[in-house]
Amino acid sequence: ARSAASGAGAAAAASAASAGGGSLDFDDMAGPEEDRDDGPEGDEAEGEGAARAPRSMRAPAPVIIRDDPASGVSAPRAFDFARADASIPKLEELTKAGVSLPPVEYASDALLRWKQEAVSEFDRLGRLGGAGTPDEAREERLVHAAAAEWARFESRDIGSGGLRLVPLLTDALSEGMFSVNRFTRRKPDVRGSSLSMRGLIRFLLTNGSYKKIYQRPLAGPRREYKLCVAFDRSASMMGGAARMSAYAVFAFLAAIKNVGLDTNTTILAFGDSVELVKPDGLPLDARAVYRLLLACQPKKGFSESASLDADAIAVGMGLLQASSARGPSKMFVFTDGYTARPSRLPFTLQAAADSGVDVIAMGVGTGTAGSGLPTAFQNWLAVDQPNLMPQALLAWASGRSGGASGAGEGSGVAEDRRGASMEAALMVEAAAAVKAGEASTTMDDVFDRRSDLFTNLAEQLDGDTSMFVKTGDGASESGGGSMAVDLLFVMDTTGSMGSWIRAGQEHITRITAAVKEFLSKKSKSTKLRTAFISYKDYDSSGGTTPDQIDFIDFTENTEAVCSKVNAQHASGGGDGPEDICGAFRQSFRLNWQAKAKFLILILDAPCHGRDFHSWSDSHPDGDPGGDDPREQLRQFKKDNVRVMITDLSSDLSKMMTEFEGAYNDKDTSAPGAFKLTRLKLHSDPTADVDEFVKAVSEDIKSTLMADFF
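## A closer look at the overall build of the protein
Tallying secondary structure elements over the protein gives 21 helices and 21 strands in all. Counting only contacts in the protein whose residues sit at least 6 apart along the sequence, the fraction spanning at least 24 positions is 77%.

Written as structure tokens, this is what we have:
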């Protein structure tokens, strides 16, 4: 496996792709000359060397296939898919013949380095702009052109009925492939659809005074999946199949983005080799679209002699296992099924299944009868036209769930059903007794005969002489229904943050007001304190500067905190990275008191150290003060400080990966577990005031509700 390009390699690829007008054009893969669109749109250069947007993310004209009942002639099926009970082709025969070819193994550290190289390449693309080489300027125009064409592509109609493929595909994935599979949090309540075991025990111990014996979702359902999309660019995919497959890949990825899973998605391209187009942890943005277009270019894509699908699946399997995302793992392989690894592919598919990775091969434009998918893959789906994908996906999912349109049960549903297992067992026993002729059998009879089920529970309850229930704790255990919260705002106040400093007063005022209103409804008395820390950077030699750290300690006087914010001036920050470690050091020195503690970090630049970025850094070995921000975050975690970090720049992805790895629990579903909150915002605070205030306030309120009430 090898990466697409990093640094100069990507620039060279961009230069080659943009020769003769700088276009990234799928039309070159369309096959015959008459299939191209050479109209005026997009052909007029903006100047010498100007970049043009690709014209070719166009849906091919739909083909209407009809049966003729009168003549008894049936047209070929427009789509087809593997049956639910299909086995891996050729695996049994190869095993009986004594053949055993395990999947190609890639060391985890090699995959991690490969992923880090791709992240660095995304960072480089994000920094394009301003003064640079001619190749960099051209590449920047191409990235913007890719973004513009992507926006047009998502809203393009298919056929003559005004239907749009991406919205239809989004609905199909939401309903048939990626059903809601996790509730973020649950809370006790006096009513609901499922019982709470904790609530039932409290009900018994308090002689019925505690009445919250049900539970309900607190923050609503969500989807958690780890995904990998790989597409075949070998020679067998040339011509019309190449164009339809490329169009289908883009539509599929757009739908994944609409479902909210693009950050959890890895994108691979394969032919003679395997290329990492986009790693997980990064959004499907202009940079990803640009790299995907490069991977599809005719000089590179859909012209390679081999189809190393088994290698791509092995790479995808390794990256999915190493991903920090949660949920089931699924890999979608867009190919025609004509593999260069006919003996290794079956064993690779078996290894993927053993690892919990669901591999689905998808053929678009390859024909349902002539495709090699049925002889290569266990799970496959083939469609004649991209616009048939939504219908085909729903039919495929329905065939695997007994007619239901969901891909599986969510963990919340499964948990509810487990909670009712004892009652279900008793009901089954009662039904069996009635069937055996014991017509007078009642549930009381069953309970009497199966009292052993409750013996251990009764013994445990007899041993519990008392129970202390917190109703909201401030600085002491005797709060008597009081609730205290400490909010610390930490802000980078270097030159690029001037607009955020000016908006800081409104942010703090509105957030504290929202939290106060929430607390007043939930507790008899409330105590909300805020604090503020401003940080800048060291000088180039590692010495401190006069205004490097400024702060106000926790106080209930919100106006005093706002005055401290208004006193800040945007200055400094010559080398890019800033003194985040210094701000964290000052945070530990503040007078934290409340049980509920929150730190909100607002920044647009990473900390010092090559582990956290690819920027020019005066202190590449890390913080001149000797601290490691990862260790500081682990200490915040031990101190039960909830950390929220804004994401004002795409260049923070490498640092955020390190921070999340240090702060987050390995098992975020464990009782009491919590993780770092990442708030993705733009760089304009005037446009983001409502979004920022809402995001911070809602996260604070949901955390308080789940963990302190």
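Don't stop here, the text continues.
## Description of empty space enclosed by the protein
Using the criterion set out here, one finds 2 cavities of 30 Å³ or more in the structure. The space that makes up the second largest cavity amounts to roughly 40 Å³. Lining the second largest cavity, in full, are F489, M491, G504, H507, I508, F532, I602 and F692. Ranked by the residues each element gives to the lining of the second largest cavity, the list is headed by helix α16 (residues 498-522), at 3 residues. Classifying every residue of the lining of the second largest cavity gives 6 nonpolar, 2 polar and no charged.

## Details of the packing of helix α3 (residues 108-126) against helix α8 (residues 286-295)
Put simply, α3 and α8 touch, their axes get as near as 10 Å, and they point 110 degrees apart. By the angle class used here, α3 and α8 are roughly perpendicular. Once α3 is placed against α8, the crossing between them reads as right-handed. Judged by residue contacts, E121, F122, D123, L125 and G126 of α3 engage R287, A288, Y290 and R291 from α8. Counted by class, the contact of α3 with α8 contains 4 nonpolar, 1 polar and 4 charged residues.

## Structural notes on helix α18 (residues 580-589)
Counting buried positions along α18 gives 8 out of 10 residues, so the element sits mostly inside the fold. Among the residues of α18, I580, C581, G582, A583, F584, R585, Q586 and S587 are the ones counted as buried.

## Observations regarding the packing of aromatic side chains
By the definition in use, this model includes 9 aromatic pairs. With a centroid separation of 5.4 Å and an interplanar angle of 70 degrees, the aromatic rings of F252 and F334 are classed as edge-to-face. Separated by 82 residues along the polypeptide, F252 in helix α7 (residues 240-259) and F334 in strand β13 (residues 329-334) bring together distant segments of the chain. Both residues of the pair, F252 and F334, belong to the buried class. Aromatic rings pair up to connect F178, Y225, F252, F332 and F334 into one cluster. Directly above the aromatic system of Y210 lies the positively charged group of R202, at a separation of 5.4 Å from the ring centroid. A cation sits over an aromatic face here: K637 above Y663, 4.9 Å from the ring centre.

## Considering the pattern of salt bridges
In the structure shown here, the tally under the stated rule is 22 salt bridges. Here R630 makes a salt bridge to E658, at a shortest N to O gap of 2.9 Å. Here E658 lies in helix α20 (residues 653-663) and R630 lies in helix α19 (residues 629-638), a separation of 28 residues in the sequence. What makes R630 buried here is its relative accessible area of 16%. Among the charged side chains, a network of salt bridges with common partners joins D611, D628, R630 and E658.

## Some words on the state of the cysteines
Applying the stated criterion across every chain, the model contains 0 disulfides. Just so you know, C581 is unpaired, no disulfide at all, and the nearest cysteine sulfur is the one on C607, 5.7 Å from it.

## A closer look at the packing of helix α4 (residues 134-154) against α8
Relative orientation of the contacting elements α4 and α8 amounts to 100 degrees, with a least axis distance of 8 Å. It follows that α4 is roughly perpendicular to α8 by the angle criterion. Contact residues: α4 offers E139, L142, V143, A146, A147 and W150, while α8 offers A286, R287, V289, Y290 and L293. Taken together, the residues of the contact of α4 with α8 break down into 9 nonpolar, no polar and 2 charged.

Reading guide: rules and limits
- Here the residue numbering is sequential within each chain, running from 1 through the sequence in written order.
- In keeping with the predicted nature of the model, local features appear solely for residues at pLDDT of at least 70, side-chain atom pairs appear and are counted solely at 80 or more, and the whole-chain, interface and lining totals rest on all residues.
- Only heavy atoms go into the side-chain values, all of them from the structure, while hydrogens and water stay out.
- A helix here means a DSSP run of H or I that spans at least four residues, while a strand means a run of E at least two residues long, and both kinds are numbered starting from the N terminus.
- Only heavy atoms matter for contacts: two residues are in contact if any of them lie within 4.5 Å across the pair.
- Think of a 1 Å grid over just the protein atoms. A cavity is a set of points where a 1.4 Å probe fits yet cannot get out, a pocket is an open set with protein on both sides within 12 Å along at least five of seven lines, and lining residues have an atom within 4 Å of a point.
- Grid points are joined across faces, edges and corners, and a volume is the space filled by probe spheres set on the points.
- Here the term charged refers only to Asp, Glu, Lys and Arg, the term nonpolar to Ala, Val, Leu, Ile, Met, Phe, Trp, Tyr, Cys and Pro, and the term polar to all other amino acids, Gly among them.
- An axis is simply a line fitted to the C-alpha atoms; with a helix, the fit covers only the stretch in contact. Between two such axes, the angle follows the N-to-C directions and lies from 0 to 180 degrees.
- Angles are sorted into four bins: roughly parallel if under 35 degrees, roughly antiparallel if over 145, roughly perpendicular if 65 to 115, and oblique for all others.
- Crossings are assigned a handedness: left-handed for a near helix turned anticlockwise from the far helix by less than a right angle, right-handed for a clockwise turn.
- Burial classes: relative accessible area under 20% of the type maximum marks a residue as buried, over 50% as exposed, and values in between as partly exposed (1.4 Å probe, protein chains only).
- Stacked, edge-to-face and tilted labels apply to pairs of Phe, Tyr and Trp rings (six-membered ring for Trp) whose centres lie within 6.5 Å, assigned for plane angles under 30 degrees, over 60, and everything in between, in that order.
- Any Lys NZ or Arg CZ that is within 6 Å of a ring centre and within 35 degrees of that ring's normal is treated as a charge sitting over the ring.
- A pair is scored as a salt bridge if a Lys or Arg side-chain nitrogen falls within 4 Å of a carboxyl oxygen belonging to Asp or Glu.
- Two cysteine sulfurs form a disulfide in these notes if their separation is within 2.5 Å.

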